[in-house]
Amino acid sequence: MTGTFDISIQKIAKSKVSEYDVNNVPFGKCFSDHMFVAEYSDGKWQKAYIMPYQNVPMSYAISSLHYGQAIFEGMKAYKNEKGEVSLFRPTENFKRLNKSAIRMAMPEVPEEIFMGGLFELLRLDSAWVPTSETGSLYIRPFLISTDEAIGVKASDTYKFIIITCPAGKYYSEPIKVLVETNYIRAVKGGIGFVKAAGNYGRSLYPTKLAQQKGYQQVIWTDSETHQYVEESGTMNLMFVIGDTVVTPGLGDTILAGITRDSVLTLARDWGMRVEERKISIIELIEAHEKGLLREAFGCGTAATIAQIVGIGYNGKDYPLPPVEERKFSTKVDEVLRNIRKGKAEDKFKWMMKVD
Ligand code: PLP
Ligand code: COI
């Protein structure tokens with residue numbers, strides 16, 4: 001797919017890909033050769049270009065740095081055995097970016113710029129897409145306000161940028177999570193349902209406290225009662241209670257994850273009972289006590305399927321069944337990986353090939 005928006009391309013003199021083992025790099029620290037940039041000013045998108053990945057000079061007064069008019073997406077490209085590169089559900093990321101843009105009073109990015117830039121970038125940097133079983137190229141599209149002005153107002157100028165980095169596993173091991181009943185991630189009427197930078201900044205301190213207690217992540221609860229679970233870190237939450245897949249229903253405090261939707265679609269396709277609804281901590285503890293809480297996991301683009309092996313709540317740890325016994329999440333993890341790597345039928349037409 002190519003956009004009709006003219007994209008000028010300045011190629012790197014010599015690719016840096018041979019300096020890395022792309023199948024074995026830490027998450028998010030090694031960036032591919034090129035980046036895509038589109039600039040917005042005077043009420044419209046002005047120009048789009050690809051250039052070698054680099055630091056760019058910007059004023060320290062730009063409004064995104066001060067007031068957080070900054071949003072992003074996270075998506076992945078995969079390479080199959082023939083060396084072909086495909087994206088997983090990129091249109092969903094495109095739509096979600098613009099949902100975030102609207103909520104943060106930012107201009108929407110036209111599809112031809114988002115998709116055109118993405119595909120052009122991937123064509124240039126296809127050598128950076130890992131070939132390993134669990135590897136992928138993590139893609140980070142983001143939109144930032146760039147007005148050099150200290151007054152608090154929606155910026156008049158913006159940059160939409162895409163950078164990419166080879167990625168392996170985000171969590172190397174199954175995780176232990178702590179139910180957070182003091183701090184909150186999102187409130188009704190807030191920005192929890194969009195991918196705004198501020199959602200992540202505010203999560204770091206409570207997460208640090210949980211990590212000091214030996215947990216990798218927190219489970220956020222609703223801001224009003226702290227009784228219902230919402231999300232964990234950068235993941236949506238899934239439980240298997242008895243034979244039913246249960247996940248918190250969406251609202252304005254939860255990000256509508258694309259992985260979440262994919263997991264639910266597969267579960268329904270396999271004839272499983274799926275419930276999207278409020279889940280209280282008490283319900284989870286009772287199910288655990290009766291031996292009915294069979295599986296718990298987080299799902300997201302970076303994290304893929306992250307098994308939760310223990311939940312801490314109110315000073316007590318609730319160990320969950322061994323990962324080897326978890327039929328649904330093991331199957332869903334494998335099937336998603338196979339669809340992405342072109343090894344299983346793509347029944348829902350999730351993959352988009354970069355040709
Ligand atoms: N929830 C939050 C807060 C996230 O940051 C993410 C990651 O993108 C998700 C859920 C999962 O969303 P997706 O599956 O679209 O990556
Ligand atoms: C993603 O899963 O894409 C995320 O956004 C997580 C990220 C913040 C590392």
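The sections below set out a description of the structure shown in this document. If you're wondering where the values come from, they're calculated on a predicted model, not measured in any experiment. (Residues numbered from 1 in each chain as written. Chains lettered and ligands numbered in written order. Predicted model: local features only at pLDDT ≥ 70, side-chain atom pairs only at ≥ 80, totals over all residues. Heavy atoms only, no water.)

### Some words on the pattern of salt bridges
The full count for this structure, using the stated rule, is 20 salt bridges. The salt bridge partner of Lys153 is Asp156, with a shortest N-O separation of 3.2 Å. Through salt bridges with shared partners, one network takes in Glu133, Asp333, Arg337 and Lys343. (Salt bridge = Lys/Arg side-chain N within 4 Å of Asp/Glu carboxyl O.)

### Focus on the site of ligand 2
Around ligand 2, the neighbouring residues are Phe27, Phe72, Gly74, Tyr138, Arg140, Tyr170, Lys195, Thr234, Thr301 and Ala302. With respect to ligand 2, the side chain of Lys195 contributes an N or O atom lying 2.6 Å from an oxygen atom. In the model, an oxygen atom of ligand 2 is placed 2.8 Å from a nitrogen or oxygen of the Ala302 main chain. Notes on ligand 2: free accessible area 290 Å², of which the protein chains cover 89%. Here the residues of the shell around ligand 2 sort into 5 nonpolar, 3 polar and 2 charged. Formed jointly, the shell around ligand 2 draws a minimum of three residues from each of two domains, domain 1 (7-167) and domain 2 (175-340). (Near = heavy atom within 4 Å. Polar contact = N/O pair within 3.5 Å; in protein donor to acceptor, adjacent residues only side chain to side chain. Areas by Shrake-Rupley, 256 points an atom, 1.4 Å probe, with all protein chains shown as cover. Nonpolar A, V, L, I, M, F, W, Y, C, P; charged D, E, K, R; others polar. Domains from an automatic or database assignment.)

### Examining the nonpolar core
Of all hydrophobic cores here, the largest spans 41 residues; its most connected members are Phe36, Trp45, Leu87, Phe114, Leu118, Leu143 and Phe160. Taken together, the elements giving at least two residues each to this core come down to β2 (34-41), β3 (44-52), β5 (75-79), β6 (85-88), α2 (90-103), α3 (111-124), β7 (136-145) and β8 (158-167). Examining the composition of this core, we find that 7 residues originate from one element, α3, more than from any other. The contact partners of Trp45, leaving out residues within four places of it in the chain, are Phe5, Ala38, Glu39, Tyr40, Pro107, Glu108, Val109, Pro110, Ile113, Leu143 and Phe160. The next biggest cluster of nonpolar side chains, apart from the first, holds 25 residues, and it includes Tyr171, Val177, Ile281 and Tyr313. (Core = buried A, V, L, I, M, F, W, Y, C linked by side-chain atoms within 4.5 Å. Buried < 20%, exposed > 50% of the residue type's maximum accessible area, 1.4 Å probe, protein only. Helix = DSSP H or I, 4+ residues; strand = E, 2+ residues; numbered from the N terminus. Contact = heavy atoms within 4.5 Å.)

### Overview of the side chain of Lys79
On the secondary structure map, Lys79 appears in strand β5. It is Asp125 that comes nearest to the buried, bridge-free Lys79 among opposite-charge side chains, at 11 Å. Here Ser126 takes part through its backbone oxygen, which lies 2.8 Å from a polar atom of the side chain of Lys79. (Lys, Arg positive; Asp, Glu negative; His and termini not counted.)

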